[in-house]
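The chain contents come next:
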Amino acid sequence: MTASSPGTTPSSSGRSGPVPAPRPKFAAAARPELADTRMRRNLRGATAALRGREAAAAAETADWEDLREAGRAIKDDALLDLDSHLEELERAVTEAGGTVHWAADAAEARRVVTGLVRATGAKEVVKAASATTREIGLNDALARAGVTVRETGVAEMAVQLGEDAPSHLLSPAAHRDRAEIAELFRRAVPAAGPGLADDPEALAAAARAHLRDRFLRARVAVTGANFLVAETGTLVLLESEGNARMCLTLPETLISVAGIDKVVPTWDDMEVFLQLLPRSSTGDRMTPYVSSWTGVTPGDGPRALHLVLLDNGRTRALADEVGRAALRCIRCSACLNVCPVYERTGGRPYGPVHPGPIGAVLTPLTRGVESAADASLPYASTLCGACADVCPVKIDIPDMLVHLRGKVVESRRRRPVPTPEMALMRGLAWTMGDPRRHEAAVRRGARWARLLSRGGRIRRLPGLLGKWTEARDLPAPPPESFRGWWDRTRA
Amino acid sequence: MSSREEVLRRVREALAGSRGARPPVPRGYARRLAAADAETRADVLALFTERVADNRAAVRHVGADEAGTAVAAALWGREAKQIVVPADLPFGWLAELDGVRALADAPAVDLDTLAAADGVVTGCAVAVAQTGTVVLDGGRAQGRRALTLVPGYHLCVVHADQIVGTVPEAVGRLDPARPLTWISGPSATYGIETTRVEGAHGPRHLEIILIED
Ligand code: SF4
C-alpha cells in the first residue's frame, strides 16, 4: 500500500485525456510515464497486491491446470465455429425478448448505441465499466450527441473526473493513489465537501452518495458483458461494486456492447469461467457479484434489452492462425500484474484499446501493424514469459509477440525506402565485415560516446540511435577498448 | 450487405481451412468437492460457513423452529425500523418481528421507498460452499433483483439442503433463462489502490441465516 507524503503535487494532473492522433510509439509514450515515480509506485503496489492474491487463489484449487485446459479448449471451440454460435446467440436473445445489433467497426457501434439512446429521449445514461465501450470511443460520441455519460465505478469515476486514460483492465485508476483520488472527488463531487478523508471507505461512500440518485432516476444504461452464452442467449457480467447491477436492473432500457469474441457455446461452460475469471483477476474465489440475464423478464429489470455485437478487427485477428488464440482472452488482467514492462510504464503507452501484454498482441492483431504506434507494440516486452504462465486460458503471449514482430518486419520489407533500422544494419554489416574497419569504428565510437555522456551515463543517443535511449540510459563506454587493453597489457 | 452479413462473412472467411475434427473439451476438473474436504454433510456446511466469513459476511446456524427468532434478532441488531420483503416470504420468518415494519413488494414498491428501507430479507435458490456464495434467481422468497441491490443491508435465509459443494454443481442446478444474481459477500470496490474495500453501490452488509434440520 502506498502512503503519499504531504505536499506532493499530483504529478499526473497535467496529462491530457483522449490520446491525440497520430498516437506515439510505445517507447515514446512510455517516457513520461517512466519518469513519473508516483505513478510507478502506485502501480507497483497495486500489481504486487493482486499478484499475491491471484497466486494464492490458483494454488488453492487442486484442479487449476484442468480448469485452464478446459477454458482454453472451450474458447478455441467457440472461435472455430464462431459464425454458427453467433447466429445461435442472436436467435436465443431475440426469442427471449431482446434485440441484437451488429457493428462491423467502432464507428458503426457508436452510431447504433447513439441512435438507441436518442430513441429513448434520455439526456443522460449511466454506464458500468466496459473496455469495449472505451475501445469504440462511446463516451465522446454520446457527448457529441448531447448525452451526458456517468461512469459509475469508483475507479472509472476517478478516471472520468481526472480526464485521464484508464491504466488497468480491472482497476482503471490503478496509477492513482488514494490521495489523488480524494483530491479529484473533493473538486468534482460537491456533496463530498472539502473535508473528504482519503481513506478508501470514505471515498467509496462518497461515490455511493454521489451516484445514488442518478441510479434511481436513470432511464438508460450502457454496460459490457464478460460472456455471451450462445445456446441460451444469456449475458454474464462479473463485478464487485454493484454499480453494474444498478445499471442492468434499474433503468428501462439496457444497452450492452460486447465483442464477438465473448461468445461461449453452452451454459455449462460457465462452470469453468466462473472459476477461472475471479481467481485470475482479483484472487477472489468468486467475484462479489455475478449477474446473468436472458432477454427481458416481466416485472424484473429493464423492459428493453439491446445487445450490440462488435467486430472492429476481431475477425482480422481470427484470420491470423497464430494470433487467433489471443481472442480467447477473458480480460482477467493477470498478465498485466506479472509484466515487468507494464509495471513500469502503466497502461497508457499501450494505446487506446487494451493495456499490458495482452494489449501488445490484441491491438496489432485487430488493427494491423501499418501504423508505427501499432507496429511498436510487439516490441514492448522482455519476452520473459510470465504472462503465459499465469494466463487462465493459456494464451502464449510471448510466442505471439515474436510472430507479430515477424509481421512487422514483413510489412516493412515491402516498403520502397529502407527503414532507418535496415540502413543501420546494412552499415553495420559493412563495418563488421572487415576487422580494420571495425577496430577503427570502435575507437572512434568510444570517443564520440564519451563526449555525449554526463557522469558516465548517456541519456540520449543522437540521430537514428536515439531509439535505443528513448526508454533507457546507456553507460558511457570506457576510454579504452577491450582489444586495446589486451594489446597494451599483454604485448 | 448488412453488417450482420458482413461480420458473418468475415468470420467464415477467417476460418476457411481451419475447421476440422477437434478433440472434445477435456473436462478433468472437479465437479464435486474432494472427499477429503467434505466427508459428511456437516463438512460441507462448515466449509460454506468458513467461506462466507472469508467474504466478510456474517453467518449464523439455527434450527428450523428458530428461523423467526433469528431473523428478528438480526434486524434488531441492525436497528432496522422498516424493511422490504418479497411477497412470498415464508410466513414463519417474519413471525417474531417486533417493532420492525415489513413492507411486502406487492405491488412493487417504488425505488425511493426501497432506497429508504433499512434492509431486505430474502431466501435464495442455491448456495455454493466452495466460494461462500448465495445465488438468487427471482424464484420463491427472492423477489425481483432491485430488492437485494438498493437497500444497504441484505439478510439471506438459506436452507441447508440448498447448499451445493462447487460452482459446477450450482451451474447445473440453475436455469439461465431466469435473471440470476450470485452474491459473495457485501459490495466491495477494488477501485482505490486495487485493494478490496467493503462498501460501494450495493448492500454494505450481508448476513446469512443457515437453517439446519
Ligand atoms: S491474456 Fe490471459 S492473462 Fe491476460 S487478460 Fe487475457 S485471459 Fe487474462
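Quantities reported herein were computed from a predicted structural model and do not represent experimental measurements.

## Describing the pattern of salt bridges
Residues and elements named next belong to chain A.
Next, step 1: Scanning the entire structure with this criterion turns up 40 salt bridges over all chains.
Next, step 2: Of the charged contacts in the structure, one is a salt bridge between Arg316 and Glu370, with a shortest N-O distance of 3.3 Å. Highlighted residues: Arg316 in helix α13 (residues 314–318) and Glu370 in the loop between α16 (356–367) and α17 (372–376), separated in sequence by 54 residues.
Next, step 3: Lys407 is the salt-bridge partner of Asp320, the closest N and O atoms lying 2.9 Å from each other. Placement of the pair is Asp320 in the loop between α13 and α14 (334–338) and Lys407 in helix α19 (residues 397–413), with a sequence separation of 87 residues.
Next, step 4: Exposure remark for Lys407: the relative accessible area of 37% places this residue in the partly exposed category.

## A short note on the sheet that holds strand β4 (residues 119–122) of chain B
All names here are of chain B.
Next, step 1: In space, the 6 strands of this open sheet follow the order β1-β12-β7-β4-β2-β3, with parallel pairing throughout. Both outer strands of the open sheet, β1 (58–63) and β3 (101–104), are each paired with one neighbouring strand and no more. Neighbouring strand axes in the sheet, compared pairwise and without regard to direction, differ in orientation by 25 degrees on average.
Next, step 2: Judged from the 7 bridges that link them, strand β7 (residues 153–159) and strand β12 (residues 205–212) form a sheet pairing that is parallel. From the neighbouring strand, Tyr153 faces β12, where its bridge partner is His205.

## Description of the domain arrangement of chain A
Next, step 1: In terms of domain boundaries, chain A breaks down into domain 1 (61–312) and domain 2 (420–490).
Next, step 2: A straight line from the C-alpha centre of domain 1 of chain A to that of domain 2 of chain A covers 52 Å.

## Re the confidence of the model for chain A
Next, step 1: Taken residue by residue, chain A gives an average pLDDT of 84. The fraction at 70 or more is 87%.
Next, step 2: This model gives residues 1–20 of chain A a pLDDT under 50, and the stretch forms 29 contacts once residues within four places in sequence are excluded.

About the cut-offs
- Residues numbered from 1 in each chain as written.
- Chains lettered and ligands numbered in written order.
- Predicted model: local features only at pLDDT ≥ 70, side-chain atom pairs only at ≥ 80, totals over all residues.
- Heavy atoms only, no water.
- Salt bridge = Lys/Arg side-chain N within 4 Å of Asp/Glu carboxyl O.
- Helix = DSSP H or I, 4+ residues; strand = E, 2+ residues; numbered from the N terminus.
- Buried < 20%, exposed > 50% of the residue type's maximum accessible area, 1.4 Å probe, protein only.
- Pairing = 2+ DSSP bridges.
- Axes fitted to C-alpha atoms, helices over the stretch in contact; angles between N-to-C directions.
- Domains from an automatic or database assignment.
- pLDDT = per-residue confidence, 0-100.
- Contact = heavy atoms within 4.5 Å.

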